[in-house]
Amino acid sequence: MKTWKEVNPGAVILEPGSARKFKTGSWRAMRPKWIEENCIHCLLCWVYCPDMSVKVKDGKREQFDYDFCKGCGLCALECPGKKGQKAIVMEQEGN
Amino acid sequence: MSKKVGITGNEAIAQAMRIANPDVCGAYPITPATDIMQRFTSFVANCEVKTEMILTESEHSAMSACIGSSVAGGRVATASAAQGIALMWEMLFIASGLRLPIVMGVANRALSAPLNIHGDHSDGMGMRDCGWIHFYSENAQEGFDNMLMAFRIAEHMDIRLPVMVGLDGFITSHSIETMEYVDDETGRAFVGEFKAVNPLLDIKNPKSYGPLILTDMYMEYRKAHDNVMAKVPGVVLEVAAEFEKISGRKYGLFESYRLDDAEIALVVMSSAAGTTKDVIDTYRAKGVKVGLLKPRLYRPFPYEQMGEALKHCKAVAVLDRADCFGGSYGPLFADVSNALYHYAQRPIMINKIYGLGGRDYMPDQAEYTINELIQIAKDGKVKSIKEYIGVRE
Amino acid sequence: MAENVEIRWHGRGGQGTVTAAKVLADACLSGGRDVQAFPEYGPERAGAPLRAYNRISDKELRMHCPVKNPGFVVVVDATLLDAIDVTEGALDNAAFIVNTKKDPKEVRAKLKAKPTQRVVTVDASTIALETIGRAMPNAPMIGTVTRVSGLITLENAVEDVKKSFGKKFSQKIIDGNVEAVKRGYAEVKEG
């Protein structure tokens, strides 16, 4: 942590995009788990994620970015799954 | 050197602003400071300055516009008084916390209620702990000089803080007095080019202002602010020395008048200090060793220097043109007491509240106070520490 | 001239009394003197009695309060003589300069002026009507004050009226005001 001698005058932040360094994933109590075999890649989870924690490549979803996922569970709620089987389920963090 | 002119205090402030040529002025009119911006907007209309005028719908917005423009990277100035400053209050802290060199001329005025448009120091005292640098001016000349120096001090690379320059509403703001300008060329060279620090409009280097700073860092920023305030007196003296070279007029952190050998002293700010000086001369002619200390830099308050200047006196009266409604003493009295507290041997102190809402401060009030100081110096007896003078009992 | 001259003006709102005090201060600057001109701000309404003050000094002026003991008292509207005591605090050698058609002796009796005090009258309202076309007695009063006080020359006063009014008014009005100042200077009665 910076001392009072080191802080920028006026608390101005000079580094653009520095919020990326603040890994809010530590706030998570519940953790979304991606079950790939149930995923139809509809990308509703990507649409609903309030952060940018659902990674997508070439139109297919990939693993969660757990550095920024706060475990809100919206993705799991919205997930249509395949034949009634959810592709995202919430689990207790730390289990 | 320019010749002498007879002008009002408000015009003096407006002319200093014209010389400084701010990039932006965000303003909203209020008596008795309206005249400052009225004159200044005519300079804008006549293309005598390159200033962008932002006429807002309130003083809160005026100061917000100043803050936005300052953060964007421009030289910024405004003017206000009384209720206007009260409405700005929230933004005053933001201006200082963001370390923005905004300069504000103030025609000091009483606060409502009861509604009163006349001169006292209630508005300035209300903003005294907002993190701004404060100057108080005795007359139009000091108003002009302080305003010009304010830009240099605010924009100094070691400081970068907002500055308020006060003069007494109506008494100074609307009276015609003799004064001398610094000519435009010399004045402009003295104020210098504005140098932006971390301007938002430098879009190649994006930055963010106004982040949330919580328990883990807030105190560090406050300590940093306290630290930069401590550097202000040094810069004020440095700028004053340079100003003396171009104007021949000498300024310190405060003015000492016949104080060195004084046994008793009065501490008085702004226009009333002049009247007091004339009364002091009549007492000196009678052999009474009385002197005066007139604060100029009020925030940061030069505690140490003022303590040294007053410690030898037997009795000191502090005259406040504002009161603290805590059943306590006037604000200036509290500050001067702080300055003297640390001395084992210190003057006996009394506090007079005078001139509220523009009530005339007449020579007989200074005489009354000096007579009481003479008696206290003799027998050490204080009838009451605080007293309203010039009030109907 | 005394080193510090203090003047109190009595007028009514709308008669240009404050302007007269300001013009006089400006004209007095020419000698390198320190000047002050300031009104007493009350309810600023047309017709309301008002006071304005001048201080003119060879030394730096530091007093920032109303003039208590004027050496010159200028009464721009004679109806004020019935409403207020214009002699209050006036010095023993003060001069009262009153805009009235009346004889100075009559005014002296009304004021109960001391023998050591001067009483001077001028019919400034008539002069103003004849020169400016309006009952604005301030310009002739500047002429009279110039003569009685000896602070400045008539040329100084005329120049300053031209300068002060030149910014706002047409040549016809400026000429009228200049003529008014000259007549105010010339048509002084003392008794």
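Residues numbered from 1 in each chain as written. Chains lettered and ligands numbered in written order. Predicted model: local features only at pLDDT ≥ 70, side-chain atom pairs only at ≥ 80, totals over all residues.

Enquirer: Would you mind going over the environment of B:Lys277 with me for this structure?
Expert: Within the fold, B:Lys277 resides in helix H9 (residues 271-285). Between the alpha carbons of B:Lys277 and B:Leu292 there is a distance of 7.1 Å; along the sequence they are 15 residues apart. Contact partners of B:Lys277, with chain neighbours within four places excluded, come to B:Tyr257, B:Leu292 and C:Arg62. (Helix = DSSP H or I, 4+ residues; strand = E, 2+ residues; numbered from the N terminus. Contact = placed C-beta atoms within 7 Å.)

Enquirer: Would you mind showing me how to read the interface of chain C and chain B here?
Expert: Interface size is often expressed as the accessible area that is lost when the parts come together. Taken residue by residue, the interface counts 15 residues in chain C and 18 residues in chain B. Elements supplying a minimum of two residues to the side of chain C that touches chain B: helix H1 (17-28) and strand E2 (34-39) of chain C. Looking at which element gives the most residues to the side of chain C that touches chain B, the answer is E2(C), with five residues. Counted by class, the side of chain C that touches chain B contains nine nonpolar, two polar and four charged residues. Summarising the sheet, strand E8 (residues 176-180) of chain B and E2(C) pair through two bridges and their orientation is antiparallel. Counted as the bridge partner of B:Glu177 is C:Gln36 from E2(C). (Nonpolar A, V, L, I, M, F, W, Y, C, P; charged D, E, K, R; others polar. Pairing = 2+ DSSP bridges.)

Enquirer: Would you take a moment to explain the interface of chain A and chain B for this structure?
Expert: Between chain A and chain B, the contact holds twelve residues from the first and 18 residues from the second. A per-class count over the side of chain A that touches chain B returns nine nonpolar, two polar and one charged.

Enquirer: Hey, could you run me through the sheet that holds strand E2 (residues 24-27) of chain B in this one?
Expert: What links the strands of a sheet is backbone hydrogen bonding, and the strands pair in either a parallel or an antiparallel sense. Residue and element names in this part refer to chain B. One open sheet accounts for seven strands, arranged E3-E2-E4-E5-E7-E6-E12; its pairing is mixed. On the outer flanks of this sheet lie strand E3 (52-55) and strand E12 (297-299), each paired with one strand and no other. Mean inter-strand twist for the sheet, computed between neighbouring axes without regard to direction, equals 20°. Pairing between strand E5 (residues 103-108) and strand E7 (residues 163-168): six bridges, direction parallel. Directly across from Gly 105, in E7, lies its bridge partner Val 165. (Axes fitted to C-alpha atoms, helices over the stretch in contact; angles between N-to-C directions.)

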